[in-house]
Amino acid sequence: MSLTLYAHPFSSYCQKVQIAFYENAVPFTYRLLGPEDPAAMEERQALWPLGRFPVVVDDGVTVVESSIIIEHLQLFHPGPVKLLPDDPKAALTVRFWDRFFDNYVMTPMQVPVFEAIRPDGGRQEAMAEAAVALDTAYQWLEEHLTGPWAAGEAFSMADCAAAASLFYADWVRPIGEAFPKVRAYRARLLARPSISRCVEEGRPYRHFFPLGAPDRD
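Basis of the calculations
- Residues numbered from 1 in each chain as written.
- Predicted model: local features only at pLDDT ≥ 70, side-chain atom pairs only at ≥ 80, totals over all residues.
- Heavy atoms only, no water.
- Buried < 20%, exposed > 50% of the residue type's maximum accessible area, 1.4 Å probe, protein only.
- Helix = DSSP H or I, 4+ residues; strand = E, 2+ residues; numbered from the N terminus.
- Contact = heavy atoms within 4.5 Å.
- Pairing = 2+ DSSP bridges.
- Core = buried A, V, L, I, M, F, W, Y, C linked by side-chain atoms within 4.5 Å.

Q: So what's going on with helix α3 (residues 66-76)? Which residues, and what values?
A: Considered for burial, the residues of α3 that qualify are Ser66, Ser67, Ile69, Ile70, His72, Leu73 and Gln74. As for α3, its buried residues are in contact with β1 (3-7), α1 (12-23), β3 (55-58), β4 (61-64), α4 (88-117) and α6 (157-172).

Structure, rendered in structure tokens:
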């Protein structure tokens, strides 16, 4: 079997999936979605015309959406790190946290980023909206983070989502001192080898961050 990942190392959702690959050392072929490999862009468009990425092709089968890709990897390419628990109730908790980070951290973080790219974007308004949404998410996390990882004692798919979202969210709306648990959690995430590897792979592309990447991390 052969796995091919169509992705870009600076994309948050691509990093979410790459963390899952790296956690269990799943081998794959990386197709960079950029001007360096125009054929990869054409192939990805043919595989998934809706235009989103990452996209994975597993022995001829196309798999899309980051959470689904991670669950696919666990089903068909399992390793020592269980990113989704076998117990259905525990798995439901992980899925909830995964959706929380995607919907309530990743999504508001991306709004001002996309507005900054648009020539007529409302950057100031978007930043104000993101600040409110992200501070609300940070406060909820501060009150509900109880273990070393999002869903408890074990690293999971939820933490793949958390790493990719909190990494960039802190650039858009810094996690203030009022949220020490969230700050510590983000630091733990960035110290994990699979995640730090993604950060380093994305480092050469930081000049593309439309709001200006901070000189840290």
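Q: So what about the pairing of β1? Which residues, and what values?
A: Counting buried residues along β1, five of its five residues qualify, which places the element largely inside the surrounding structure. Alternating residues of β1 divide into Leu3, Leu5 and Ala7 and Thr4 and Tyr6, and every residue in both groups is buried. The pairing of β1 with β3 spans four bridges and is classified as antiparallel. Following the sheet pairing, tyrosine 6 is matched in β3 by valine 55.

Q: Outline the side chain of serine 12, listing residues and values.
A: As for its placement among the helices and strands, serine 12 is situated in helix α1. Using a relative accessible area of 6% as the deciding quantity, one classes serine 12 as buried. Once you skip the residues sitting within four places of it in the chain, serine 12 turns out to touch Met106, Met109, Gln110, Ala164 and Tyr168.

Q: Account for the nonpolar core, naming residues and giving values.
A: Counting residues in each nonpolar core, the largest one holds 63 residues, and the members touching the most others are Phe21, Phe101, Leu166, Tyr185 and Leu189. At 13 residues, the largest contribution of residues to this core is made by α6. The residues contacting phenylalanine 101, other than those within four sequence positions of it, are Met106, Leu141, Ala150, Ala158, Ala161, Ala162, Ser165, Leu166 and Tyr185. Within the second largest apolar cluster, six residues are counted, among which are Leu33, Ala40, Val57 and Val64.

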